[in-house]
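Read off the chains here:
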Amino acid sequence: MANVGLFRGTEPLESVNVTFRLPYYTQWGQSLLVCGSEALLGSWNVKKGLLLSPVHQGDELVWYGTIAVPKGFRCEYSYYVVDDDKNILRWEMGKKRPLSLPRGIRHPEVVELHDLWQTGADALSSRSAFKDVIFRKSWSLTVERPLEVIENKFDQEGSILVHFKICCPYIEENTSIYVIGSSSNLGQWKVQNGLKLSYSGESVWHADCVLQKGDFPIKYKYCKYSSGENFTVETGPNRDLSLESSKAQPRCIVVSDGMLREMPWRGAGVAIPMFSVRSEDDLGVGEFIDLKLLVDWAVESGFHLVQLLPMNDTSVHGMWWDSYPYSSLSVFALHPLYLRVQALSENIPEDVKLEIQEAKEKLDGKDVGYEAVMSSKLSIAKKVFSQEKDIILNSQLFQKFFSENEDWLKPYAAFCFLRDFFETSDHSQWGRFSYYSKDKLEKLVSRDTLQYDVICFHYYIQFHLHLQLSEAADYARSKGVVLKGDLPIGVDRNSVDTWVYPNLFRMNTSTGAPPDYFDKNGQNWGFPTYNWEEMSKDNFGWWRARLTQMAKYFTAYRIDHILGFFRIWELPEHAMTGLVGKFRPSIPLSQEELENEGIWDFNRLSQPYIRQKFLQDKFGAYWTSIASNFLNEYEKNCYEFKEDCNTEKKIASKLKTISGRSLLESEDKIRRDLFDLLQNIVLIRDPEDARKFHPRFNLEDSSSFHDLDDHSKNILKKFYYDYYFHRQENLWRQNALKTLPVLLNSSDMLACGEDLGLIPSCVHPVMQELGLIGLRIQRMPSEPGLEFGIPSQYNYMTVCAPSCHDCSTLRAWWEEDEERRKRYFKTMVGSDTLPPRQCLPDIAYFIIKQHVEAPSMWAIFPLQDLLALKDEYTTRPATEETINDPTNPKHYWRYRVHVTMESLIKDKELIGIIKDVVRGSGRLHSENETQQQQQQLIHQVANANGVGTNFNVDPLAVR
């Protein structure tokens, strides 16, 4: 028989009324709804959830809803913001809330749940960077009372049981949490008489207190109290608890107060690509094992974090182009470049040892010799593999690794074999293997094939890379250092992932970025864009698998180009540059709305606008030769590109066939000028709907726009600003809220988003809502009207840095522009004197100090910028320390630090300078110094609140 009490609309015979209460501001047309795991709350079907009603209380908008539940009722629940049709607009971050009724509650008594909306920031303490590393305890807390146990204290008629609940992720040994407040049951602000809370697990503390109606309203705060009689009261205003005069008096109030309010934790870190690290044992490139040295140096220098670039296999071309770490061959496989071949076996033959020693000496260059390093490592690894393959492949450790990773490992190994067999990664050239299937895969990796040893070699390499990176990751955790990885926005067009999952990618498109600080002409990264609709069908399983894999090694990660999860700059596959693209998703301009404003000549606006005078200006005396090779004159003095050169790739291809034969100017200049002509349009016709258009980025810079009449110019400018800065915002917000929460919930790593470039106004509110940490680079301020960011004004939920891998180092930036250097000196230093031409250690100290003292959660410094603190490390030309040039799609990523990590660890002078910069900011990674800072904080809070040694808190002082 069905339990009728579990269905909405029927009241259980022995029911208890549960009232939900949540203060939350909504916009017009939005409502709050609670949905839970049981049928009474919709069984997680939001359409069947309980709608709440708003009530204005002072400055707050408070939402209420009541439901009758049977005695002993339990469930989980969450709050949602919905529209009038109960479509989800926003949902809480963090874990589901438990609902458990107190023992002894009777019909028809009321239980009130006083909740606070959970943001992503509230859940940060449960991320592994904090939980498992920074706040990792050498001692364990014992669960004193499970959260679902609310004691039966209904011993007095008319009394009200208040259940206090607070989250406190960081607590020292032998320290307890108390509630103190205005009621006598809360000690009347005396700590020793306050209400002591019990630990319930997962950083949550709770306690019950019986109050009388006359005790309300009460004011209260939470505090920490240690056995050494040290205590701290939480920061901020007093908390309030009142009875609602218009509602039935509750028998029990469950107060979920969110986080205990403390001074925000802040840390510092160092950033360096893995390939840039130099050690005494490496073979020409930094290796995973070297991370242990980097961690040791970070700890010595007072840092909590080591940030790296992507370390996935990028072996697409078999040459130095593969040095680009963001163009993954596989999003799961690690790069053989970082293998420590000496660690492959304890029984390496003497001749192989000699080969290793020779390779060390040969490869120990100023920069990474990518091709030579890869060749040497793979050659050595094959020799060791041939000797011990049976032992390793039959070991329990390998079998465990294989069983946990075979879903990606088998396709990866097969892809590598086919790549080498066909001598190309372009899987469209692989004949019957061009199309992936599981049956074909199983035959390729079968034990009875001739290539089985080759397949197993790739398994073997990945197994050892996993062991070596795991060893380094475990070491970092043990030392209290967060290892921060990098999640690239794209994958290579010719990758394992596009071979196995072609439906997840839009292979006829290319990913990039519109013109911005990094490149005024935009960027074209060459990656296919994502088919988000297809990805959503299995709840973004490919993304969830990526994050799960990353979390094996990292406790934090950087989301590369997080703007791409709101909208991506999409270019046609035939484009080589990044200017003539459009955003996906986007709401294009319709032909009808353009026509309504008097815009009619769509061919004129969407085709390259080429006039004879442009050709003469660009090519001078050689314009006729250019015209005869590339253009047709369709009207007098009006030209169009020929069919065989009407795209950028066609132009580049044709130039190669005629270069040196009939053209007298440089091929690069001619290509750039022809591309300029091709890009001389105002509107981009949508490839999927010929009656839809997208304004070309920076359309006002085109001569096509300049030659229009004033009316057309004004109308198109209006549409341009609406398209790029208004009409897409809600769409982009919705797109991000479909995808980003899946990433965040796929692992417990701390997520940071690289939010540089052209930033839509919806981005920062969404990041704040989801608890995503943004990035602030001083020379790329996100605030309008500023040339230089002001670190002291940065938001707490940010990483701040003076530079990053995508721009010049601090030294190079300082030295490359005299006028800018003067402006910086006047604006930031406050001096009209002529600044030094060189970035002297004092300059580096000043700039780093600015960032260390910023409110940002993290201050992360490229290692090159930290080396600028000491003259000894500034002898190398600053431009040689640049890691990437975003304007060059074929940049060689090869920078190596010119000093070994062993030497840096021994350099106590540099370490002392770095500690001196960081000291006093609250960011130092040092147990003793951290305790001293906390003790200083205790006294600061106590003094600010008027608390003396009698542990009596003045209620006026803490209000």
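Residues numbered from 1 in each chain as written. Predicted model: local features only at pLDDT ≥ 70, side-chain atom pairs only at ≥ 80, totals over all residues. Heavy atoms only, no water.

Q: I'd love a proper account of the side chain of D322, names of residues and values included.
A: Tracing the backbone through its elements, the reader meets D322 in the loop between β20 (305-307) and α3 (350-363). It turns out D322 is buried and unbridged, and the closest side chain with the opposite charge, R419, is 6.8 Å from it. What D322 contacts, discounting residues up to four positions off in sequence, is T314, S315, V316, H317, H335 and Y370. (Helix = DSSP H or I, 4+ residues; strand = E, 2+ residues; numbered from the N terminus. Buried < 20%, exposed > 50% of the residue type's maximum accessible area, 1.4 Å probe, protein only. Lys, Arg positive; Asp, Glu negative; His and termini not counted. Salt bridge = Lys/Arg side-chain N within 4 Å of Asp/Glu carboxyl O. Contact = heavy atoms within 4.5 Å.)

Q: Any details on helix α20 (residues 763-770)? Residues and values, ideally.
A: For α20, the set of buried residues is V763, V766, M767, E769 and L770. Here the buried residues of α20 occupy an arc of 160° about the axis, which is enough to place them on one side. Looking at the buried side of α20, the elements it contacts are β7 (88-91), α19 (729-745), β35 (750-753) and β36 (774-777). Looking at the residues trailing α20, positive phi occurs at G771, about 75°. (Arc of directions from axis to C-beta.)

Q: Outline the domain arrangement of the protein chain, supporting the account with residue identities and numerical values.
A: Split by domain assignment, the protein chain resolves into domain 1 (13-118), domain 2 (122-262) and domain 3 (570-716). One C-alpha centre belongs to domain 1, the other to domain 2; they are set 22 Å apart. At the junction of the two partners, domain 1 supplies 23 residues and domain 2 supplies 25 residues. Note on domain 1 versus domain 2: buried area summed over both sides is about 1,900 Å², and carbon and sulfur give 54% of it. Among the elements of the structure, β8 (97-100) and β9 (110-114) are those that each provide at least two residues to the side of domain 1 that touches domain 2. No other element matches the five residues that β9 contributes to the side of domain 1 that touches domain 2. Each residue belonging to the side of domain 1 that touches domain 2 can be placed in one class, and the counts come to nine nonpolar, six polar and eight charged. (Domains from an automatic or database assignment. Buried area = accessible area lost by both parts, 1.4 Å probe. Nonpolar A, V, L, I, M, F, W, Y, C, P; charged D, E, K, R; others polar.)

Q: An account of the packing of aromatic side chains is requested, with residue identities and associated values reported.
A: Under the criterion given, the structure shown has 64 aromatic pairs. For the ring pair F135 and Y170, a centre distance of 5.0 Å and an interplane angle of 40° mean the geometry is tilted. A residue pair is termed long-range when its members are at least 10 positions apart, and F135 in the loop between α1 (128-134) and β10 (160-167) and Y170 in the loop between β10 and β11 (175-181) qualify at 35 residues. A residue is classified by how much of its surface remains accessible, and Y170, at 24% relative accessible area, is partly exposed. Ring geometry for F422 versus W430: centroids 6.2 Å apart, planes at 15°, classification stacked. By way of ring pairs, the aromatic residues W569, F583, F697, Y720, Y721, Y723, Y724, F725 and W732 are connected into one cluster. Looking at R567, its charged tip hangs above the ring of W732, at a distance of 5.4 Å from the centre. We note K718 situated over the ring of F719; from NZ or CZ to the ring centre the distance is 5.4 Å. (Phe/Tyr/Trp six-rings, centres within 6.5 Å; stacked < 30°, edge-to-face > 60°. Lys NZ or Arg CZ within 6 Å of the ring centre and 35° of its normal.)

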